[in-house]
Amino acid sequence: MTGLQLLQEVRADARLKGTPFIMITAESKTENVVAAKQAGVSNYIVKPFNAETLREKIEKVLDNA
Amino acid sequence: MLELPARIPEPLAHRLAAIRSRYPASDPDMVAGVVGAVLTTMRGDLSASDTALLHEVEELGRTIAAARAEIAALQVDDITASHIPSATDELDAIVAHTAGATNSILEVCETLDSVAGKLDGEAAAALQDATTRIYEACSFQDITGQRITKVVATLKAIDSKVAQILNTFSEAHGDSFRAPTPAVVVSPVPANGDPAAVGPQLPGNAMDQTDIDKLLASFD
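Residues numbered from 1 in each chain as written. Chains lettered and ligands numbered in written order. Predicted model: local features only at pLDDT ≥ 70, side-chain atom pairs only at ≥ 80, totals over all residues. Heavy atoms only, no water.

A.B. asks: Sorry if this is basic, but what is going on with the interface of chain B and chain A here?
C.D. replies: For an interface, size is often stated in terms of accessible area lost upon the parts coming together. With 22 residues of chain B at the contact, the number on the chain A side is 19 residues. Summing both partners gives a buried area of about 1800 Å² for chain B against chain A, and 63% of it is carried by carbon and sulfur. Scanning the region where chain B abuts chain A turns up two salt bridges. Mapped onto the side of chain B that touches chain A, the elements with two or more residues apiece are α5 (121-137), α6 (139-173) and α7 (209-218) of chain B. Counted by class, the side of chain B that touches chain A contains ten nonpolar, seven polar and five charged residues. (Contact = heavy atoms within 4.5 Å. Buried area = accessible area lost by both parts, 1.4 Å probe. Salt bridge = Lys/Arg side-chain N within 4 Å of Asp/Glu carboxyl O. Helix = DSSP H or I, 4+ residues; strand = E, 2+ residues; numbered from the N terminus. Nonpolar A, V, L, I, M, F, W, Y, C, P; charged D, E, K, R; others polar.)

Structure below.
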């Protein structure tokens with residue numbers, strides 16, 4: 001199962017659809033980001049990443065939750 | 001393009017039929033042999049157009065033989081039977097070994113994290129900072145693994161195409177071109193058939209985090 005497929009499964013589950021979901025991935029093409037956004041991703045981090053970026057995205061997602 | 005006369009003269013047709021009965025299966029070598037035999041039997045009996053026709057057929061046979069010799073000289077069999085399988089095996093081994101090594105590093109980091117939890121003050125902070133940097137650095141393994149997997153998929157696609165070429169020639173030339181079983185491409189390849197579209201992109205094709213943040217913001 002890919003990360004995108006997991007996201008789709010999570011969003012399809014009524015108990016989990018509101019769960020914040022951040023993708024951390026090496027996929028960096030536009031179509032990858034668009035597909036994730038359309039599937040309901042909360043935020044998208046591309047590898048390689050650092051802890052500061054991760055912290056910033058988590059805070060942003062929680063602020064919007 | 002070889003132009004054949006609308007009607008083959010009867011003497012020539014009879015002689016070709018007699019030669020064909022001695023060579024029941026068509027084969028480029030046999031075509032050359034037939035042409036040579038016809039020329040031998042027809043020497044002195046041919047009209048100018050017959051001579052031109054047979055010359056063209058003989059030339060065609062030489063061209064086929066030359067192409068076959070060039071392909072055989074490439075030792076294409078070695079590519080599919082040895083070089084590509086060896087290369088993909090090596091790359092798969094690299095992926096497996098780096099994944100194993102990374103898992104070992106992460107397990108050690110988890111141990112360090114639990115130790116840090118039992119410490120106070122600067123020592124705990126320093127240890128946690130160090131393990132965090134190790135976690136960040138280990139993301140290389142995921143990227144290299146995916147890049148190598150893309151290379152393996154590309155090699156297997158090449159292997160499959162070469163095997164198709166070998167099979168095509170082996171149908172015409174029998175044992176001269178032994179085509180091994182085409183490799184099965186098991187890596188994920190999107191519908192457009194381009195393995196390079198999957199996984200980490202080359203720097204020129206990749207978006208950085210800033211670009212991705214702008215793209216995500218455009219949806220809001």
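Now that the structure is up, let's keep going.
A.B. asks: What exactly am I supposed to notice about the packing of helix α2 (residues 30-39) of chain A against α7(B) here?
C.D. replies: For any two helices packed against each other, the geometry comes down to the angle between their axes and how far apart the axes lie. Where α2(A) contacts α7(B), the axes come no closer than 10 Å and their chain directions differ by 40°. Considering the angle they form, α2(A) stands oblique to α7(B). Regarding α2(A) and α7(B), the two cross each other, and that crossing is right-handed. Where α2(A) approaches α7(B), its residues A:T30, A:V33, A:V34 and A:K37 are matched on the opposing element by B:I212, B:L215 and B:L216. Residues belonging to the contact of α2(A) with α7(B) are distributed by class as follows: five nonpolar, one polar and one charged. (Axes fitted to C-alpha atoms, helices over the stretch in contact; angles between N-to-C directions. Parallel < 35°, antiparallel > 145°, perpendicular 65-115°, else oblique. Left-handed = near helix turned anticlockwise from the far one by under 90°.)

A.B. asks: I'm lost on the packing of helix α1 (residues 3-12) of chain A against α2(A) in this one. Help?
C.D. replies: All names here are of chain A. Where α1 meets α2, the axes come as close as 9 Å, and the angle between the chain directions of the two elements is 15°. Classified by the angle their axes make, α1 and α2 are roughly parallel. Crossing angle aside, the handedness with which α1 passes α2 is left-handed. Contact residues: α1 offers L4, L7, Q8 and R11, while α2 offers A35, A36 and A39. For the contact of α1 with α2, the class distribution of residues is five nonpolar, one polar and one charged.

A.B. asks: Please explain the environment of A:L6 as it appears in this structure.
C.D. replies: Residues and elements named next belong to chain A. Relative to the assigned elements, L6 resides in helix α1. We classify L6 as partly exposed; its relative accessible area is 41%. Note: C-alpha distance between L6 and A39 (33 residues apart in sequence) is 10.0 Å. Those residues in contact with L6 that sit more than four places away from it in its chain are M1 and F21. (Buried < 20%, exposed > 50% of the residue type's maximum accessible area, 1.4 Å probe, protein only.)

A.B. asks: Is there a simple way to explain the environment of A:S28 in this structure?
C.D. replies: Residue and element names in this part refer to chain A. With respect to the helices, strands and loops of the structure, S28 is situated in the loop between β1 (22-25) and α2. Using a relative accessible area of 2% as the deciding quantity, one classes S28 as buried. It is 9.5 Å that separates the C-alpha atoms of S28 and Y44, two residues lying 16 residues apart in sequence.

A.B. asks: Before we go on, may I ask you to explain α1(A) in this structure?
C.D. replies: Every α-helix carries 3.6 residues per turn, so stepping three or four residues along brings you back to the same face. Residues and elements named next belong to chain A. Among all positions in α1, only L7, V10 and R11 are buried. One face of α1 carries all of its buried residues, which in axial projection span an arc of 95°. Every exposed residue of α1 that faces more than 90 degrees away from the buried side is listed here: E9 and A12. Those residues of α1 that are buried are in contact with β1 and α2. (Arc of directions from axis to C-beta.)

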